[in-house]
Amino acid sequence: MERLQERASVSPLELFFDLVFVFALTRVTDLMSDDPSGVNLLRATLVLAVLWWAWVGYAWLWNLVKADEGVAALVLFSAMGAVFVTALTIPEAFDDMPGGLNGPVVFALGYFVVRLLHLTMMWIVSADDPQLRGQVRRFVPSMLAGTVCLLVASQLDGGAQLAFWALALVGDYLGTFVGGARWRLNSVSHFAERHGLIVIVALGESIVAIGIGVAALPISWAIIVACLLGLAVSGLLWWSYFDVTSLAVEHACEAASGSRLIKLAQHCYTYAHLPMVVGIVMMSLGLKKVLSYVADGNHHRLVDPLYGWPLVALLGGAALYLVALVYFKGYATGTVAYPRLVTAAALLALIPVVWHTPALVTLAVLLAVLASMTAFEMIRFARPREEIRHH
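Rules of the game
Residues numbered from 1 in each chain as written. Predicted model: local features only at pLDDT ≥ 70, side-chain atom pairs only at ≥ 80, totals over all residues. Heavy atoms only, no water. Helix = DSSP H or I, 4+ residues; strand = E, 2+ residues; numbered from the N terminus. Rg over C-alpha atoms; globule rule 2.2 N^0.38 Å. Contact = heavy atoms within 4.5 Å. Areas by Shrake-Rupley, 256 points an atom, 1.4 Å probe, with all protein chains shown as cover. Patch = residues over 30% accessible without salt bridge, like charges linked within 9 Å, V, L, I, M, F, W, Y side chains within 5 Å. Salt bridge = Lys/Arg side-chain N within 4 Å of Asp/Glu carboxyl O. Buried < 20%, exposed > 50% of the residue type's maximum accessible area, 1.4 Å probe, protein only. Axes fitted to C-alpha atoms, helices over the stretch in contact; angles between N-to-C directions. Parallel < 35°, antiparallel > 145°, perpendicular 65-115°, else oblique. Nonpolar A, V, L, I, M, F, W, Y, C, P; charged D, E, K, R; others polar. Expected span 1.5 Å × (residues − 1). Phe/Tyr/Trp six-rings, centres within 6.5 Å; stacked < 30°, edge-to-face > 60°. Lys NZ or Arg CZ within 6 Å of the ring centre and 35° of its normal. Core = buried A, V, L, I, M, F, W, Y, C linked by side-chain atoms within 4.5 Å.

A. Representation of the overall build of the protein chain. The number of helices and strands found in the protein chain is 15 helices and zero strands. For 391 residues, the compact-globule estimate of 2.2 N^0.38 gives 21 Å, and the C-alpha radius of gyration of the protein chain, at 21 Å, lies within 12% of that figure. With the C-alpha coordinates aligned to their principal axes, the bounding extent of the protein chain is approximately 65 × 60 × 35 Å. For the protein chain, contacts bridging at least 24 residues in sequence account for 82% of all contacts bridging at least 6. Taken as a whole, the protein chain presents about 16200 Å² of accessible surface, with 68% of it coming from carbon and sulfur.

So, in structure tokens, the structure goes:
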């Protein structure tokens, strides 16, 4: 197998692999939108955490060897199939539908296959690297614990089921966290690009959520305004990641080596990007509901407010995304982006304020808050921004 070079870029096959995660994210949004309750938002978060752990393992793997060569390509296609089957069962991940196979069991087994393929490939790649082989050995118990807990959860319901889902994630995440930092990272640029692309995938889901909500309805000025506002919100979230933040973290990683580099990769990318993705998907639910309120004149009026969990998801999701960005950059550079923390706090504080405000106005308020933060950062930090962007 051909090793990945230091300045490698993401291969087209890896982008193809991400398509199944695009589908999975749409299924998660559907899971929430059908019944936007607190329990369903919690379930969606747990599913996203499981999907993320499946995706991020392959991000580390394909940083060691080229994904589009020989056996690696076969493993990638096989993993795509397992992820796709897992995504198909997301609506049944907690409650089995009548007829057919047991949905929760299929979800757990699909996840196990994804993880097993990853582990097998890691074992092959580490054949001539004792340090990496030892790290892989320490990784096995957490993988087994997570899968076993999901299989147990498939036989339960209610609070016990959620508890075993949480145990599965604790086993995976905590096991990896305490397992050490003796992994390998061949290309910082590839790793950074890989995670930037998954942020774009998540933001793409927010745009899809906007469009799907009104695709079958006759066009109106209200729909046009709401779509443009939602697109602008997604664009500002894109800007807050890619304009400076992602570059600053990538530069910090390029300047690091050894265990310091691995810790940066773990904390800034493996851990910090999960709440980013969760925040974007939650916000997508809010955007989808706003569009349904604005466009569906048979069941809603323009003055109807967005309230309850969809409102919490819209503003709280954007706030979670900003907080994750603060940690993302702060861990790598040692600086704290206070304007983003203030903005996140303001968004949370606005939830009760806009509870009875028309949904379209609430979306405009979110856009105004994010635009104000972006404008302030561009003016206040103009010189550091230029230095980072022209590194």
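B. Highlighting a nonpolar patch on the surface. On the surface, Ile 207, Ile 219, Trp 221, Ile 224, Leu 228 and Leu 231 cluster together into a nonpolar patch covering about 660 Å² of accessible area. Among the elements that take part in the nonpolar patch, helix H8 (residues 221-242) stands out by supplying four residues, more than any other. Here Ile 224 shows up in helix H8. Overall, Ile 224 belongs to the partly exposed group, its relative accessible area being 32%.

C. Quick peek at the packing of helix H4 (residues 103-125) against helix H5 (residues 130-153). Close contact between H4 and H5 brings their axes to 10 Å; oriented N to C, the two are set at 175 degrees. As summarised for this structure, H4 and H5 are arranged roughly antiparallel, according to the angle between their axes. The segment H4 lies against H5, with Phe 107, Ala 108, Leu 109, Tyr 111, Phe 112, Arg 115, His 118, Leu 119, Met 122, Trp 123 and Val 125 engaging Leu 132, Arg 133, Val 136, Arg 137, Phe 139, Val 140, Met 143, Thr 147, Leu 150 and Leu 151. Looking at the contact of H4 with H5 residue by residue, the classes come out as 16 nonpolar, two polar and three charged.

D. Structural detail: helix H14 (residues 359-380). Between its first and last C-alpha, H14 extends 32 Å over 22 residues, near the 32 Å set by a 1.5 Å rise per residue. Taken together, the buried positions of H14 are Ala 359, Leu 360, Thr 362, Leu 363, Leu 366, Leu 367, Val 369, Leu 370, Met 373, Thr 374 and Glu 377. Among the structural elements, H8, helix H11 (273-295), helix H12 (309-333), helix H13 (338-353) and helix H15 (382-389) are those in contact with the buried residues of H14.

E. Examining the packing of aromatic side chains more closely. Counted according to the given criterion, the structure contains 20 aromatic pairs. Both rings, one in Trp 60 and one in Phe 191, keep their centres 4.9 Å apart while their planes meet at 65 degrees; by these two values the pair is edge-to-face. Here Trp 60 is found in helix H2 (residues 38-61), whereas its partner Phe 191 is found in helix H7 (residues 188-212), with 131 residues between them in sequence. Neither residue differs from the other here; Trp 60 and Phe 191 are each classed as buried. Considering the side-chain rings of Phe 94 and Trp 165, the 4.5 Å spacing of their centres and the 25 degrees angle between planes classify their relative orientation as stacked. With Phe 94 in the loop between helix H3 (70-88) and H4 and Trp 165 in helix H6 (residues 158-178), this residue pair connects regions lying 71 residues apart in the sequence. This pair shows no difference in class: Phe 94 is buried, exactly as Trp 165 is. One aromatic cluster is present, built from ring pairs that chain together Trp 60, Phe 191, Trp 238, Trp 239, Tyr 241, Phe 242, Tyr 269 and Phe 328. Of note, Arg 133 hangs over the ring of Trp 123, and the distance from its end group to the ring centre comes to 3.7 Å.

F. Quick look at the environment of His 190. Within the secondary structure layout, His 190 lies in helix H7. The buried category is assigned to His 190, whose relative accessible area is 0%. Residues His 190 and Val 365, spaced 175 residues apart in sequence, show a C-alpha to C-alpha distance of 37 Å. With near-sequence residues (within four places) excluded, His 190 lies in contact with Leu 4, Ala 8, Ser 9, Val 10, Glu 14, Trp 62 and Asn 63.

G. Fine view of the side chain of Thr 29. With respect to the secondary-structure elements, Thr 29 resides in helix H1 (residues 12-34). According to the relative accessible area criterion, Thr 29 is buried, its value standing at 2%. Setting aside anything within four residues of it in sequence, one finds Thr 29 in contact with Glu 205, Val 281 and Lys 288.

H. Inspection of the nonpolar core at higher detail. Formed by 136 residues in total, the largest nonpolar core has its most connected members in Trp 62 and Trp 165. With 17 residues, the top contributor of residues to this core is H2. Setting aside chain neighbours within four positions, we find Trp 165 in contact with Leu 46, Val 47, Val 50, Ala 93, Phe 94, Phe 107, Leu 150 and Ala 153.

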